[in-house]
Amino acid sequence: DAGVIQSPRHEVTEMGQEVTLRCKPISGHDYLFWYRQTMMRGLELLIYFNNNVPIDDSGMPEDRFSAKMPNASFSTLKIQPSEPRDSAVYFCASSFALARVGAQYFGPGTRLLVL
Amino acid sequence: SQQGEEDPQALSIQEGENATMNCSYKTSINNLQWYRQNSGRGLVHLILIRSNEREKHSGRLRVTLDTSKKSSSLLITASRAADTASYFCATDGIGAQKLVFGQGTRLTINP
């Protein structure tokens, strides 16, 4: 398996622009997670899905952020409009089950810079 | 809110030495996991230890868990330059339904 695939790997955009991050989880995994990593706040869980249904979006910072999972092999995280404070590395991860059972598999991340 | 807190924040040792990193957490857990992150990469799962386990081994890794002290340690024996990375503990709190990651320990192995 190719592992979790994320695109783009790097994104530079200007404040106010819409940004869409994409993720393809490992085939057969039931759970998909979106994380954000910054030096100041570390690794934060934004939202996670189970069988394509959003379960917990309490980590989504504000209404500018939205996430979808239209099918088992694809998810998007959208920021509209983007702001400089959104600059971070965004990771997608997938797993067979919730944490009490096993590991999460992370993608390589998308490094986002909002100017 | 952060559940796991790693200590030290940074550690630099010579190749061949052992490296020990600690993690403390606040609430009761189902399990605790350790992950490694190489610079510019995603996190990689290393080992999972359940709340009813006290010690677990995987190759050169040894993890201990003390639920009475709410702490865990990760020992890497006979370190190699390739072990240079950040190491994170992540806790699955009872009822939390999600992993919470600590801030990580930056480990540097000097050749």
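As a starting point, this report considers the structure included with it.

What counts and what doesn't
Residues take numbers from 1 onward in each chain, read along the sequence in its written order. Starting at A for chains and at 1 for ligands, labels are handed out in the order in which the entities are written. With the structure being a predicted model, the display of local features is reserved for residues of pLDDT at least 70 and the display and counting of side-chain atom pairs for 80 or more, all residues being used for whole-chain, interface and lining totals. Side-chain figures throughout are based on the complete set of non-hydrogen atoms in the structure, without hydrogens or water. Here a helix means four or more residues in a row that DSSP labels H or I, a strand means two or more in a row labelled E, and each is numbered from the N terminus. Residue exposure (1.4 Å probe, protein chains only): buried if accessible area is under 20% of the type maximum, exposed if over 50%, otherwise partly exposed. What qualifies as a polar contact is a pair of N or O atoms within 3.5 Å, subject to a donor-acceptor requirement within protein and to the restriction that residues adjacent in sequence count only when both atoms come from side chains. Cysteine sulfur atoms that come within 2.5 Å of each other are treated as a disulfide pair. It only takes one pair of heavy atoms within 4.5 Å for two residues to be counted as in contact. Accessible area that two parts lose when put together, with a 1.4 Å probe and added across both, is what the buried area reports. One speaks of a salt bridge when a side-chain nitrogen belonging to Lys or Arg is within 4 Å of a carboxyl oxygen belonging to Asp or Glu.

### Details of the side chain of S94 of chain A
Residues and elements named next belong to chain A.
Step number 1: Among the secondary structure elements, S94 is positioned in strand 9 (residues 88-95).
Step number 2: With a relative accessible area of 0%, S94 lands in the buried category.
Step number 3: At 2.7 Å, the side chain of S94 and the side chain of H29 are in polar contact.

### Description of unusual backbone geometry
Step number 1: In the segment running from S7 of chain A into P8 of chain A, the intervening peptide bond is cis, with an omega of -10 degrees.
Step number 2: Relative to the helices and strands, P8 of chain A is located in the loop between strand 1 (5-7) and strand 2 (10-13).
Step number 3: The backbone of N51 of chain A sits at a positive phi, close to 50 degrees, despite the residue not being glycine.
Step number 4: Tracing the chain through its elements places N51 of chain A in the loop between strand 5 (42-50) and strand 6 (53-56).
Step number 5: Positive phi outside glycine occurs at A78 of chain B, with the angle close to 45 degrees.
Step number 6: The residue A78 of chain B is located in the loop between strand 8 (71-76) and strand 9 (85-93) in this model.

### Focus: the state of the cysteines
Residue and element names in this part refer to chain A.
Step number 1: In this structure the tally under the stated criterion is two disulfides over all chains.
Step number 2: Across the disulfide, C23 is cross-linked to C92 (sulfur-sulfur distance 1.9 Å). With the S-S bond torsion at -65 degrees, the cross-link from C23 to C92 turns out left-handed. In this pair, C23 sits in strand 3 (residues 19-24) while C92 sits in strand 9, placing the two residues 69 residues apart along the sequence.

### Observations regarding the interface of chain A and chain B
Step number 1: On the chain B side, the residues contacting the 23 residues of chain A number 20 residues.
Step number 2: Between chain A and chain B lies a buried interface of about 1,700 Å² when both sides are counted; carbon and sulfur atoms form 46% of it.
Step number 3: At the junction of chain A with chain B, the criterion picks out one salt bridge.
Step number 4: Ionic pairing is found between K98 of chain B and D56 of chain A, a salt bridge with its closest N-O pair at 3.5 Å.
Step number 5: Between the two partners, chain A and chain B, sit three residue pairs in polar contact (both at pLDDT 80 or more).
Step number 6: Per-element tally for the side of chain A that touches chain B: the top contributor is strand 5 of chain A, with four residues.

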